[in-house]
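Topology and contacts: notes
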Amino acid sequence: METLETFLKQLSTPVLVCQQDNPSGEWRIQSWNPAFQSMWDGSQSDLIGKTPDHLIQVDARAQAPLIQLKTIPPETHLLMHTGLIYPASQQALRVKVKYDWIEDGRLLIWIEPFYEDMALTQAHADFVSTVSHEFRTPLTSIKGFADTLLRYGTNLDTEQQKRFISIIKHQADRLTRLVENLLTVSKIGAQRNDVIFRPIGVKRSIERIVQSIEAKLPEPRRFKIEIPENLPEVWADPDKFEQVLMNLIDNGAKYSYPHSEVTIRAFVQPEHPDQIQIDVSDQGVGIPEEHLPNIFNKFSRIDNPLTREVEGTGLGLYITKSLTHAMGGQISVVSTLDKGSTFTVVLPVASPQRQTETHLHEGLEAKS
Ligand code: ADP
């Protein structure tokens, strides 16, 4: 007996131990292990002597409804179904329930929460609905303006025609960006994101990025680049580096008001001289504290006066973080609501040692 109790105590899976009641033949909860207690988080009197169906709401599709338990002969060793359990202090948990009759006639009920599967299913459903919506919006607009041009084109003056065509182009560009983002996300998911390290001049690269962002902003922002001429090169993948900084600087501009300032600073970290820190700071809407932990998750778009106005998919920061990590870097954010945000990326310096190591490694890979 003691061995069973000791064994259950060490398990991280929640387990209930039941005994058959005489003469009713019903199974009643006799004890449970600490893993169950921490999941249940309620009082003993809610459990002891109760029938398991008091606790577990059986999934309608269950193959072994608890209600039939007393009719299942002990030889039927293991049965499984899904169900809901209502812990004292939390929302209902979806669980996998397994029954295991042990030799001394007791019944063990193994309860495995599967919030991860559920979260994934939910995330997948959210993903599909967000993506469909993101596709539908530009497509509706393209179709609408193309229809108008076909039907009334001859009645429209050249300026109007040009305006409609440029809207169509703008929306097509938006679709292209969305598809590119989705492809990057699927590559990240499949871990097929090869990194090609090269030394990169941060100042030059950021100047180029800022120029291309400035060109497409509908209203001006002030960009300030504070990067010393003699900053060592960073050791990163040029395309990924550009995508990371492009996303951060673009967001800094998107989520702030016209004429405000976006500052990009880069310096060698004083306490880690082999790391370069790049800060992108804006004076924009900021991010509420409670959203900061999720800001780098897929599709996290936070409602603010500007998210409703500016286009976005909520994939940018997820991609940015994944690419930064793929390059061996770190990313973080500090933000104050209505004051602004600073996104910080830290990447290694392109030291001769790093370059030699990578070339050696690439050489070995090429040979093998
Ligand atoms: P997108 O911009 O396409 O919505 P991102 O993943 O780049 O997606 O950003 C996710 C969300 O984080 C944005 O919708 C916005 O609410 C918030 N956000 C990102 N950058 C900033 C910023 N610099 N200032 C304020 N909010 C930001």
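Since the model is a prediction, treat every value here as computed from it, not as a measurement.

**Comments concerning the site of the ligand**
Lining the immediate environment of the ligand, one finds 21 residues, of which Asn 251, Tyr 255, Arg 301, Thr 313 and Leu 317 sit closest. In this structure, a nitrogen atom belonging to the ligand sits 2.9 Å away from a side-chain N or O atom of Asp 282. At a separation of 2.7 Å, an oxygen atom of the ligand approaches a polar backbone atom of Leu 317. Protein contact buries 98% of the 530 Å² of open area that the ligand shows by itself. When contributions to the shell around the ligand are tallied by element, the ones reaching two or more residues are helix H6 (238–254), helix H7 (316–326) and strand E13 (340–348). Looking at the shell around the ligand residue by residue, the classes come out as 8 nonpolar, 10 polar and 3 charged.

**Description of the packing of aromatic side chains**
By the definition in use, this model includes 4 aromatic pairs. Measuring from centroid to centroid gives 6.2 Å for Phe 36 and Trp 40, while their planes differ by 20 degrees, and the two rings are stacked. Here Phe 36 pairs with Trp 40, and both are found in helix H2 (residues 34–40), just 4 residues apart, close to one helical turn. In terms of burial, Phe 36 and Trp 40 fall into one category: buried.

**What about the confidence of the model for the chain?**
In this model, the chain carries a mean pLDDT of 82, and residues with pLDDT of at least 70 account for 82%. This stretch, residues 64–68, has a pLDDT under 50; its non-local contacts, to residues over four places away or in other chains, come to 11 contacts.

**Considering the packing of H6 against H7**
Between H6 and H7, whose axes approach to 9 Å, the crossing angle comes to 145 degrees. The crossing of H6 and H7 is left-handed. Residues Lys 240, Gln 243, Val 244, Asn 247, Leu 248 and Asn 251 of H6 form the contact with H7, whose participating residues are Gly 316, Leu 317, Ile 319, Thr 320, Leu 323 and Thr 324.

Conventions and cut-offs
- Starting afresh in each chain, residues are numbered from 1 along the sequence in its written order.
- Residue-level local features of this predicted model are given only where pLDDT is at least 70; pairs of side-chain atoms are given and counted only at 80 or more, and the full residue set underlies all totals for whole chains, interfaces and linings.
- For the side-chain quantities, the full set of heavy atoms in the structure was used; hydrogens and water were omitted.
- Only heavy atoms are used to decide nearness, and a residue is near a molecule or strand if one of them lies within 4 Å of it.
- We call two N or O atoms a polar contact when they sit within 3.5 Å, provided that within protein one can donate a hydrogen and the other can accept it, with sequence-adjacent residues counted only if both atoms are side-chain atoms.
- Where accessible areas are quoted, they stem from the Shrake-Rupley method and a 1.4 Å probe; at the residue level, only the protein chains shown are allowed to cover.
- Runs of H or I in DSSP of at least four residues are treated as helices and runs of E of at least two as strands, each being numbered from the N terminus.
- Each residue is assigned to one of three groups, with Ala, Val, Leu, Ile, Met, Phe, Trp, Tyr, Cys and Pro labelled nonpolar, Asp, Glu, Lys and Arg labelled charged, and all others, Gly among them, labelled polar.
- Think of it this way: a Phe, Tyr or Trp ring, Trp meaning its six-membered ring, pairs with another when their centres are within 6.5 Å, and the plane angle makes it stacked under 30 degrees, edge-to-face over 60, tilted otherwise.
- Accessible area is worked out with a 1.4 Å probe on protein chains only. A residue is then buried under 20% of its type maximum, exposed over 50%, and partly exposed in between.
- On a range of 0 to 100, pLDDT expresses the predictor's confidence in each residue.
- By the convention used here, residues are in contact when the closest approach between their heavy atoms is within 4.5 Å.
- Axis lines are fitted through C-alpha atoms, for helices just across the contact stretch, and the angle between N-to-C directions can take any value from 0 to 180 degrees.
- In this scheme, a crossing is called left-handed if the near helix is turned counterclockwise away from the far one by less than a right angle; it is called right-handed if the turn is clockwise.

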